[in-house]
Amino acid sequence: MSDTSPRVFVLVAAAGCGSRMQAGRPKQYLALANGRTVLENTVDALLEADGIDGIYVAVSSDDETADNLALAAAVLKTGGRTRAETVYQTLCSIKDVVQDEDLVLVHDAARPLVDPADVERLIDETRRVREEKTASGAVLAVPVWDTVKRVDAAGLLVEDVDRESLMRIATPQCFACGELREALSVNLDATDESSAMRDAGHTVAAVASSARNIKLTRPQDLEAANLFLTRNMKLRIGTGYDSHRLVGGRKLILGGVEIPHTLGLDGHSDADALLHAVTDAILGAARLGNIGTFFPDTDPKYKGADSALLLKEAYEAVREAGWSVVNIDAVVVAQKPRLNPFVPAMQRRIEEVLELEEGSVSVKPKTNEKLGYEGREEGISTQAVVLLQGRSC
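Residues numbered from 1 in each chain as written. Predicted model: local features only at pLDDT ≥ 70, side-chain atom pairs only at ≥ 80, totals over all residues. Heavy atoms only, no water.

1. Quick look at the sheet that holds strand β1 (residues 8–13)
Turning to step 1, where the next piece is worked out: The strand order across the open sheet built from seven strands is β3-β2-β1-β4-β8-β5-β9, with neighbouring strands paired in mixed fashion. The sheet terminates laterally at β3 (74–76) and β9 (204–208), the two strands that pair on one side only. If you compare each strand with its neighbour and ignore which way they point, the axes differ by 30° on average.
Turning to step 2, where the next piece is worked out: Two elements, β1 and strand β2 (residues 54–58), share five bridges in a ladder whose sense is parallel. What sits directly across from L11, in β2, is Y56.
Turning to step 3, where the next piece is worked out: Where helix α1 (residues 38–47) meets the sheet, its contacts fall on β1, β2, β4 (103–108) and β8 (167–176), and the angle it forms with β2 comes to roughly 160°.
Turning to step 4, where the next piece is worked out: Lying on the sheet, helix α3 (residues 116–132) is in contact with β1, β4, β5 (137–143), β8 and β9; it crosses β5 at an angle near 135°. (Pairing = 2+ DSSP bridges. Helix = DSSP H or I, 4+ residues; strand = E, 2+ residues; numbered from the N terminus. Axes fitted to C-alpha atoms, helices over the stretch in contact; angles between N-to-C directions. Contact = heavy atoms within 4.5 Å.)

This is the structure in structure tokens:
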């Protein structure tokens, strides 16, 4: 191989609407079992492959979702009416950064299970065939193992098909940027990059891919992806507890929601006992300490602090450690005030702070039947249980 090998970039086509998924929103933004969207999982998988110099995600011009995701990629609003147009417009938009001789791997946003080892083999094979001038590029393809038969218009079997010469074309598909851009410029209706390249007179090689590299198209495909992700996840459970005295002259804030009452919780910060318990549960599950070690009450900068901001900061550390929240279940013990009317707002606020799917948080108010300090209305206590998940490999 040459010591001056071309750089390698990835273009993730994410401008489709995914109507066959029947999910009410583009399939690339559906959440998978690990708490991250399809698109986030796709980019994560590509990042695990060695030898990639940059990733571009192409979305539609009116897309406002991708910018809010945790993507280690540049988001470009270069989507077109077809996949080929999206890829072509994106290649044109990055001409000043990606040179004609650089390699571009085009990948479907809806293929989050691509094996990084397959991506690395695809890059190596593309470089080999180009240096040997036996092909212009290469694509990942899945061998067909099933018996294949042709059927007629009535659905009757009419012919056996030799499966030895059949492969299911997948992505990424890897070509030189300039050659691919030129091929697409005259074929914006091509179903994939290999078709456009072959129509332009180029030869394309196939590299065997893992069968798990499925494209999420139907609801059952999501189930298959979740089964795989769950099998490769590790889980942690954390518990949190907090209590504060009720005093006059303070606002009562629970779960990030201000609740009308004659008394409020006393503390160094805003004394949001519910968020404090949730914070401790998350930190404990990730084995990162507790809220006191992160935000000591001896530090004046936390005087009157918004506990929602403290929770958000703690969760950022948890995510950096490779963990994400699956769900939270919490209890608030208070004789008064009556908290049930505020439960939906508290649940929504916690989900908002942690960027969780709706329905991920449960808050259950309880009175203490006038027993203990909660029953005497001297204070409020809270408990929280959290489930975290992270990759096991």
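2. Looking at the nonpolar core
Turning to step 1, where the next piece is worked out: Judged by nonpolar contacts, the single largest core of 46 residues is most densely connected at L254, L274, I282, I328 and L354.
Turning to step 2, where the next piece is worked out: Top element by residues in this core is helix α7 (residues 273–285). It accounts for nine residues.
Turning to step 3, where the next piece is worked out: Among all residues touching I282, those that are not within four sequence positions of it are L311, Y315, V318, V325, L354, V386 and L388.
Turning to step 4, where the next piece is worked out: In terms of nonpolar packing, the next biggest core, distinct from the first, is built from 30 residues, V8, I123, A135 and V207 among them. (Core = buried A, V, L, I, M, F, W, Y, C linked by side-chain atoms within 4.5 Å. Buried < 20%, exposed > 50% of the residue type's maximum accessible area, 1.4 Å probe, protein only.)

3. Side note on the environment of G16
Turning to step 1, where the next piece is worked out: Mapped onto the elements of the fold, G16 is located in the loop between β1 and α1.
Turning to step 2, where the next piece is worked out: The exposure class of G16 is partly exposed, given its relative accessible area of 41%.
Turning to step 3, where the next piece is worked out: C-alpha separation for the pair G16 and G80, spaced 64 residues apart in sequence, amounts to 9.1 Å.
Turning to step 4, where the next piece is worked out: Apart from the residues lying within four places of it in its own chain, the contact partners of G16 are P26 and Q28.

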